[in-house]
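# Report on the structure
In case you want the letters, here they are:
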Amino acid sequence: MTNHWNDLKHADVLMIIGANPAENHPISFRWILKALEKGGKLISVDPRFTRTSQMANVYGQLRSGTDIPFIGGMINYILENELYHKEYVAAYTNAAYIIEDTYSFEDGMFSGYDKDKRSYDKTKWAFKKDEEGKTLQDPTLKDPNCVFQLMKKHFSRYDIDTVIGVTGTAKETYLDICKTYASTGEVGKAGTILYAMGGTQHTVGTQNIRSYAILQLLLGNIGIQGGGVNALRGESNVQGSTDFGLLYDNVPGYMQVPTTAETDFTYQGFLDRITPKEGYWVNKPKFYTSMLKSFYGDNATKGNDFGYDYLPKLSAGRNYSFMRLFDAMYRKELEGLLLFGSNPAVGGPNAGKEIESLSNLKWMVAVDLFETETSSFWQKEAGADPASIQTEVIFLPASSSFEKEGSVTNSGRWMQYRWQAIKPKGESKADLEIVHMLARKLKDMYKNSSNPADMPMKAMTWDYGESDHPDIDLVCREINGYDMKTKQQVKIFGDLKDDGSTCSGNWIYCGFYPENENLAKRRDSTDEGMSNFLNWSFAWPANRRILYNRASADLNGKAWSKDRVGIEWNALEGKWKGHDVPDFVVTKGPDDPTFIDPFIMMAGGKGAIFASINEGPLPEHYEPYENPMKNSFSSVQLNPAVQFGEEEMNAQGDVSKYPIVATTYRLSEHWQSGAMTRSQEWLAELVPHMFVEISEELASEKGIKNKDKIVVSSARGEIEAYAMVTKRFKPYKLKEKTVHHIGMPWHFGYKGIVTGGSANRLTPHIGDANSTIPEYKAFLCDVRRAK
Amino acid sequence: MEMTRRQFLKISGAVAATLAVIELGFDEKGAQAKSKEFKIAELKPTPTICPYCAVGCGILVYSKGDDVVYTEGDPDHPINEGSLCSKGTTVRQVYTSEKRITKPLYRAPGADKWEEVDWDFALDKVAKNIKETRDRTFIHKENGLTVNRTDSIAYLGGAALDNEECHLLQKLFRAGLGLTFIEHQARI
Ligand code: SF4
């Protein structure tokens, strides 16, 4: 989230798209309701009429996988009717930037496409520079090659009738949503967009989110209280685990992992490749070197490039993400799998095939609270033949969140501490202790090696105490970072150095642990203004609560609205002041030409309406991998930059055989793969059965009654479930035909107190062109009554 | 408008009937205060954060010896101000559930059952497996470039762990052991 939960109450209009917080983030609704009590409006856009929709002023029905037409049409409406925030767009976004003449767009394709690689040459869409390397701009926004005009032209194709023929939204409703949300473009108004996996889990997921961001930039809604682009994260620390680089292509703090590409042969070459020439990221070498110091301590010296060679280099061009990992397992390239609180046998796409792949492993280690479907994939009740599965499995019992101490980072980037309330149950241990004991054991096994391949293990420091139980304060001090000589804690990431004199395990968290104090433990709930709770816990970066808050003030540094003061320029004191920690150089005043560049992480400091990602610089609609209709916007059916994985993992269904659109979702009472919630009595009792929601119309067509046992089938497999015949789904009237749409929770499996069919046995093994997140949210299936 | 717990529950989407609602502790205010007083007298609350979604609600845990006696929403927490949804409310059962695994388990190749083992045995096995596979599959140099990696071991998970744990896991598996397949739930 650019903003945070309490801040939702400051919105004039909230648009919730691809999320259902009333059921999946229930407590967030406290703050949404506060906005509504003050006269705010709530828009809910979803394939299903959810409990969020029930609370909304307007509900827009949207066929799964059509966010870009939906938002593209809104962008077009706003541009055509000149409802955008003119000053903000001209000054704070890259609308005025001129694009190279090599940019073009025709019939769904941008210029620079390489068919064989399914990828684009992004230099074709570069910003035009003058001789000094400065980006050319037209502040009047009239140049036909400026971002504003190119965007206008691009989205002019998203006229209302074409849009609703694709999304299936009723025309009056759609117009109402356009009008209601566009009202936040008025100076001083705030609109917020909330989204979750309904937005991201598509082959065009990243562009879906880009379309929300463009809409928000046009309406001047980013950086202000009550605005923002807000991802509602589903797991207590999925924010933190992402921040800490538990992804193949990221080290902590959103920095790259080196590869075998020629640029990366040397540390300097690598840094040159990953460090932009403008924007705050020019400091990346300081963050990277400090991180290497946190890995290798005194073994990282100037002479050995701070241990850069110790880091693994990814095979250049190879994708190691979740689905490719299972592809490799399917091909028997993986021998070992370590799972720390992870249950892909229920949570992974095309789960049946993923489970099949598990038996190709030589060994598996599962660290969990409960026996999961993954850790017990070899059992008879999993439908397996144990004797034929040669995988050795070790299950390590973990202790739960209040049987240990440590911090988690919520969706609003608040790093909050959890104290230990009771000692670990039975012989279970905290994951911290498990990884600590394992690391010490391994370090011991390598300690006498002189093999150069073992140097990374030997060089890695592990100074968290000599007992089996690590000293968490030492871990925290390392994450924050300190001066290598004096051991004094670093106060802020601005103090990190690229000469090896500082360490910091994760630069964005720098400042949470100043000398002898862990700010994640702060519990002062006084609201000192605009509900930012600056003394409650710690928010990264630098305790800033609203990202890009410089944009909450106008070009002169005054708040756009008196009711929504984030920070303002105080000429008397010569600094930015207000209700938040400035996300800007505190003393940068109007004399500085970059005073009006609020987006400090971006080159040029402007919000990115035009941004080059894999399938293009502007969002364009392509149909999901499995879809019920021809693309209405071009002759290109599937996102041209989507990459295919292992063919046998990825069967594709056709509309003639599987005519129904399906999506998955979550419930209040269960969580993720259900390993935790299906293993407890009360939650199990609250929702004991797997069900599928189908419309009354589809039910009568198929002769299905409420509570009937039905079979849902897709090109990947089939599952049994109870039919829940509901008014929450309605048939979709699209341009050429009417299609049915169903939905189902994905929490079930065969372990726990309550069991049921896993929805992911149906979902496809294909994902977004940038993030490779699977397309769980739009696929084709059929339903029939079980015999 | 102050929402009562009942109204809240309605919008929070608990599908259950009234009976379950009362069981969950969403009883009339007075009765609840009374039973709470009784149950938690003289127990010290420990603040924690809900382990489920990323709203990050505060919860107070009252424990005694080997028992979690009671849990409730943290009234001082600025986000939830004492209220919780169905999952946060039942967090006590994460501890009390009989399904919890409390001893390390081992499944030998081809076996159809788990065996209970001790920690030394289990961790030794894990360390040996990692070392054996890593050492055999490790690529130290490739075309003259030091690459220090293994593509034969994968790591998954982290979204339900603490930050400090994520830091150490990332450090051990990437910076120490040279794994390339490191992924977690953000990707799925
Ligand atoms: S109590 Fe409910 S809303 Fe609050 S963090 Fe837990 S799961 Fe999320």
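None of the values given here were measured: they were computed from a predicted structure. (Residues numbered from 1 in each chain as written. Chains lettered and ligands numbered in written order. Predicted model: local features only at pLDDT ≥ 70, side-chain atom pairs only at ≥ 80, totals over all residues. Heavy atoms only, no water.)

Turning to the domain arrangement of chain A, a few remarks are in order. Residues and elements named next belong to chain A. The domains assigned to chain A are domain 1 (322–445) and domain 2 (647–785). A straight line from the C-alpha centre of domain 1 to that of domain 2 covers 25 Å. For the interface between domain 1 and domain 2, the tally reads 3 salt bridges. In this structure, the connection of domain 1 to domain 2 is made through 17 residue pairs in polar contact (both at pLDDT 80 or more). Those elements that provide at least two residues to the side of domain 1 that touches domain 2 are α14 (322–330), α15 (344–347) and α16 (351–358). A total of 6 residues in the side of domain 1 that touches domain 2 trace back to one element, the largest contributor, which is α16. The residue makeup of the side of domain 1 that touches domain 2, split by class, is 11 nonpolar, 9 polar and 7 charged. (Domains from an automatic or database assignment. Salt bridge = Lys/Arg side-chain N within 4 Å of Asp/Glu carboxyl O. Polar contact = N/O pair within 3.5 Å; in protein donor to acceptor, adjacent residues only side chain to side chain. Helix = DSSP H or I, 4+ residues; strand = E, 2+ residues; numbered from the N terminus. Nonpolar A, V, L, I, M, F, W, Y, C, P; charged D, E, K, R; others polar.)

Before going further, it helps to spend a moment on the interface of chain A and chain B. Each partner contributes to the interface: chain A provides 172 residues, whereas chain B provides 128 residues. Carbon and sulfur atoms supply 63% of the area buried between chain A and chain B, which totals about 13,700 Å² over both sides. Connecting chain A to chain B are 15 salt bridges. Notably, a salt bridge pairs Arg100 of chain B with Glu403 of chain A, separated by 2.9 Å at the nearest N-O pair. Broken down by element, the side of chain A that touches chain B gets its largest block of residues, 11 residues, from helix α17 (residues 431–446) of chain A. (Contact = heavy atoms within 4.5 Å. Buried area = accessible area lost by both parts, 1.4 Å probe.)

Every residue lining the ligand is accounted for by Pro26 and Ile27 of chain A together with Cys50, Tyr52, Cys53, Val55, Gly56, Cys57, Leu84, Cys85 and Gly88 of chain B. More than one chain reaches the ligand: the nearby residues come from chains A and B. Here the residues of the shell around the ligand sort into 9 nonpolar, 2 polar and no charged. (Near = heavy atom within 4 Å.)

For Glu335 of chain A, the location among the structural elements is in the loop between α14 and β12 (336–340). At 3.0 Å, the side chain of Glu335 of chain A forms a polar contact with the side chain of Thr133 of chain B. Discounting residues that sit within four places of it in the chain, Glu335 of chain A has contacts with Leu361, Lys362 and Trp363 of chain A together with Thr133, Arg136, Thr137 and Ser152 of chain B.

Bringing the pattern of salt bridges into the picture now. The full count for this structure, using the stated rule, is 55 salt bridges over all chains. Linking Asp151 of chain B and Arg149 of chain B is a salt bridge whose minimum nitrogen-to-oxygen distance equals 3.1 Å. By the burial criterion, Asp151 of chain B is buried, and Arg149 of chain B matches it. Connected via shared salt-bridge partners are Arg318, Arg331, Glu333 and Glu646 of chain A together with Glu142, Arg149 and Asp151 of chain B. (Buried < 20%, exposed > 50% of the residue type's maximum accessible area, 1.4 Å probe, protein only.)

In this section: the UniProt feature "domain: 4Fe-4S Mo/W bis-MGD-type" (unreviewed entry) in chain B. The sites that carry the UniProt feature "domain: 4Fe-4S Mo/W bis-MGD-type" (unreviewed entry) are, in the present numbering, residues 43–99 of chain B. The span residues 43–99 of chain B is 16% helical and 33% strand by assignment, and the distance between its end C-alpha atoms comes to 26 Å. (UniProt positions renumbered as here; feature names shortened; annotations may be inferred.)

Residue and element names in this part refer to chain A. Mapped onto the elements of the fold, Glu100 is located in the loop between α5 (86–92) and β4 (105–106). Glu100 sits 45 residues away from Asn145 along the chain, and the two C-alpha atoms are 7.6 Å apart. Apart from residues no more than four positions distant in its own chain, Glu100 is found in contact with Lys124, Ala126, Phe127 and Lys128.

With that settled, consider the UniProt feature "domain: Molybdopterin dinucleotide-binding" (unreviewed entry) in chain A. Feature annotation in UniProt assigns "domain: Molybdopterin dinucleotide-binding" (unreviewed entry) to the following positions: residues 662–779 of chain A. Helix makes up 11% of residues 662–779 of chain A and strand 30%. Its end C-alpha atoms lie 5 Å apart.

The subject of this paragraph is the packing of helix α4 (residues 67–80) of chain A against helix α8 (residues 171–182) of chain A. Residue and element names in this part refer to chain A. Remark: α4 packs on α8, axes separated minimally by 10 Å, with the N-to-C direction vectors making an angle of 60°. As summarised for this structure, α4 and α8 are arranged oblique, according to the angle between their axes. Between α4 and α8 the crossing geometry is right-handed. From α4, Pro69, Phe70, Gly73, Met74, Tyr77 and Ile78 reach across to α8, where they touch Tyr174, Leu175, Ile177, Cys178, Lys179, Tyr181 and Ala182. (Axes fitted to C-alpha atoms, helices over the stretch in contact; angles between N-to-C directions. Parallel < 35°, antiparallel > 145°, perpendicular 65-115°, else oblique. Left-handed = near helix turned anticlockwise from the far one by under 90°.)

All right, on to the sheet that holds strand β16 (residues 414–418) of chain A then. Read from one edge to the other, the open sheet built from 3 strands follows the order β15-β16-β19 (chain A), with strand pairing classed as antiparallel. Here the strands that pair on one side only, and so sit at the sheet edges, are β15 (406–409) and β19 (538–539) of chain A. Across the sheet, helix α7 (residues 163–176) of chain B is in contact with β15 and β16 of chain A; its angle to β15 of chain A comes to roughly 95°. (Pairing = 2+ DSSP bridges.)

All names here are of chain A. Within the element layout of this structure, Asn543 appears in the loop between β19 and β20 (567–570). Here Leu534 takes part through its backbone oxygen, which lies 2.9 Å from a polar atom of the side chain of Asn543. Only 2.5 Å separates the side chain of Asn543 from the side chain of Arg545, close enough to count as a polar contact.

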